[in-house]
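# Observations on the three-dimensional arrangement
Given next are the chains, with one letter for each unit.
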Amino acid sequence: MSERRETSADEERGKDAKDPTTEKPSTSRGLYEEGDRVLVPEGELFYEGKVLASEKENGRWTYFVHYQGWNKKWDEWLPASKLIQDTPESRLQEHSKIQSAAESSKRYSKHSVSGSKSKKRKVEDKETDEKKERKKEEKKRDDEDEDEMAEEAVLRINLPVSLKKRLAQDAELVSKQEKTLSLPRSPTVKKLLKDFLEASTKHQRRDLLLEVVSGIQVYFDRALPTMLLYKAEREQCTRVLKSHRKPSDIYGIEHLLRLLIKLPEILPYENLEEPAVRALETKIAVLVGYIKRNEQALFSREENPGKEAENGKQD
Amino acid sequence: MNSQPKYHQNLAETDMIFSGSGNDDEENRELSMEIKVLEAIEIYTPSKIQGVHGHFVLFGLIDNLERRLRRKFTPDEVRDLLDRFYSLERVKPDEEDEEYFLDDEEFSLPEDFKVE
């Protein structure tokens, strides 16, 4: 992230650097133009931005700013008064306060989540996740402190080793050997979740379990085609969803577990406080416990030997 | 004099209606609950509750209210509470939620899952 930022910042600065004070006033040009690097003060910090467009409205210029390293959905129109030209000089001056996307993930846990300023934090979370994944590869757990801080507000999913092994096996079969599952799976995700709720009548907050399970099913149906498939499964997916059924009516435990792994990336942290995230973890742990207890029955597996096999395959 | 009592009686009836059971404590509780709901809505916005994350955002709102008001709320209760301020069914889902799952990306297991 920061590498990308630096290279492009250099290119841009060479091309567009200019002193805003010597800019001659003109009716057709604002203080900044397309491609200009700017710093956007927000609270005590500065965000790095790039001007994508400018517009004059009622005699005043506004600039459409993209925040470097942030998702484009946070792009916004800002008046010149909110912007500082990003020059080596202004950087030097504000050095300690400049907030790059990669750095800000460390700050996450210090903030309480509220209001519109939390929008950017959502992107931080996603990046925190990516970063975490990479970190895990690179240096396992020797930097516990930093990880801990960033992870604090992010949902943690703990799967028993046996379920992790199942997923690894699943990955091997589907993505390496290209053996797709016979569909529909039995039980389907819908049936599995329904059975789970029926088995949980004694849970003291079954009403909340129901809310969580419904949320998982909504995510599952939306996320399956774009997030939960290995390449080898794409074509099969297009075919089975043609029948106008929902993914939760066709797919089973393997894909549900894949969703649970993705859940920390999907949740809208700007609309959740940390205690809620912790409470959510305990509810998901109840579901994972159920899956573990019923592992044998849920995973009875048949791979697709050929491409036609899922026709009429019912257990 | 004859018409006066009737007038008073009506007033008394209205009083009864406004104070509900006639219990000030309860009224205050109700009020402070509504304030807490309105405060929480800043984070748990109705447009999010109507979107793809809706169940989880409602879950968060319930958790928030239960923590701050020290009592249990069922999801239905909270939906009813929200209905006092918004007609939820007419609130449009958050726009960005509509595009949430559009980006295609192949699934891959986190490194620490790769058990030999």
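Report follows, based on the coordinates. Each residue is numbered by its place in its chain's sequence as written, counting from 1. Written order determines the labels here, with chains lettered from A and ligands numbered from 1. Selection of residues for local features in this predicted model requires a pLDDT of at least 70, selection of side-chain atom pairs for listing and counting requires 80 or more, and totals for whole chains, interfaces and linings are taken over all residues. Computation of side-chain values covers all heavy atoms of the structure but excludes hydrogens and water.

### A short note on the interface of chain B and chain A
As a reminder of what qualifies: The contact criterion used is simple: two residues touch if any of their non-hydrogen atoms lie within 4.5 Å. By buried area we mean the combined loss of accessible area, with a 1.4 Å probe, across both parts when two parts are placed together. Salt bridge criterion: a side-chain nitrogen from Lys or Arg within 4 Å of a carboxyl oxygen from Asp or Glu. Throughout this description, a polar contact denotes any pair of N or O atoms lying within 3.5 Å of each other; where both atoms belong to protein, one of them has to be capable of donating a hydrogen while the other can accept it, and for residues adjacent in sequence the pair is counted only when both atoms sit in side chains. Under the scheme used here, helices are H or I runs from DSSP no shorter than 4 residues and strands are E runs no shorter than 2 residues, and both carry numbers assigned from the N terminus.
Contact with chain B, which involves 41 residues of that partner, is made by 52 residues of chain A. In total, chain B and chain A occlude about 4200 Å² of area from one another, counting both sides; carbon and sulfur atoms represent 61% of this. Our count for the contact surface shared by chain B and chain A stands at seven salt bridges. Residue Asp104(B) pairs with Arg234(A) through a salt bridge whose shortest N-O separation is 3.8 Å. Summed over the shared surface of chain B and chain A, the number is 16 residue pairs in polar contact (both at pLDDT 80 or more). Counting only elements with at least two residues in the side of chain B that touches chain A, the list comes to helix H4 (54-69), helix H5 (75-83) and helix H6 (95-98) of chain B. The leading source of residues in the side of chain B that touches chain A is H4(B), at 11 residues.

### Comments concerning the side chain of Glu273(A)
When you line up the elements, Glu273(A) lands in the loop between helix H10 (253-266) and helix H11 (274-293). A polar atom in the side chain of Glu273(A) sits 2.8 Å from the side chain of Asn64(B). In contact with Glu273(A), not counting residues within four places along its chain, are Ile43(B), Tyr44(B), Asn64(B) and Arg67(B).

### What to know about the pattern of salt bridges
All names here are of chain A. Note the cut-off: Burial classes: relative accessible area under 20% of the type maximum marks a residue as buried, over 50% as exposed, and values in between as partly exposed (1.4 Å probe, protein chains only).
For the structure shown, the criterion picks out 29 salt bridges over all chains. Here Arg166 makes a salt bridge to Glu295, at a shortest N to O gap of 2.8 Å. Pair noted here: Arg166 is in helix H6 (residues 161-176) and Glu295 is in helix H12 (residues 295-299), with a separation of 129 residues, a long-range link. Note on Glu295: relative accessible area 8%, which makes it buried. In this structure, the salt-bridge partner of Asp170 is Arg258, at a minimum N-O distance of 2.9 Å. Of the two residues, Asp170 is situated in helix H6 and Arg258 in helix H10; the sequence distance between them amounts to 88 residues. A single salt-bridge network, built from bridges that share partners, covers Arg156, Glu274, Arg278 and Glu281.

### Re the packing of aromatic side chains
Residues and elements named next belong to chain A. The condition that has to hold: The criterion for an aromatic pair is that two Phe, Tyr or Trp rings (for Trp, the six-membered ring) have centres within 6.5 Å, with stacked assigned to planes under 30 degrees apart, edge-to-face to planes over 60 apart and tilted to the rest.
For the structure shown, the criterion picks out nine aromatic pairs over all chains. With centroids separated by 6.1 Å and ring planes inclined at 80°, the aromatic side chains of Tyr47 and Tyr67 adopt a geometry described as edge-to-face. Of the two residues, Tyr47 is situated in strand S2 (residues 45-57) and Tyr67 in strand S3 (residues 60-67); the sequence distance between them amounts to 20 residues. The exposure classification of Tyr47 matches that of Tyr67, with both residues buried. A centroid spacing of 5.1 Å and a plane angle of 45° characterise the contact between Phe64 and Trp77, whose relative ring orientation is tilted.

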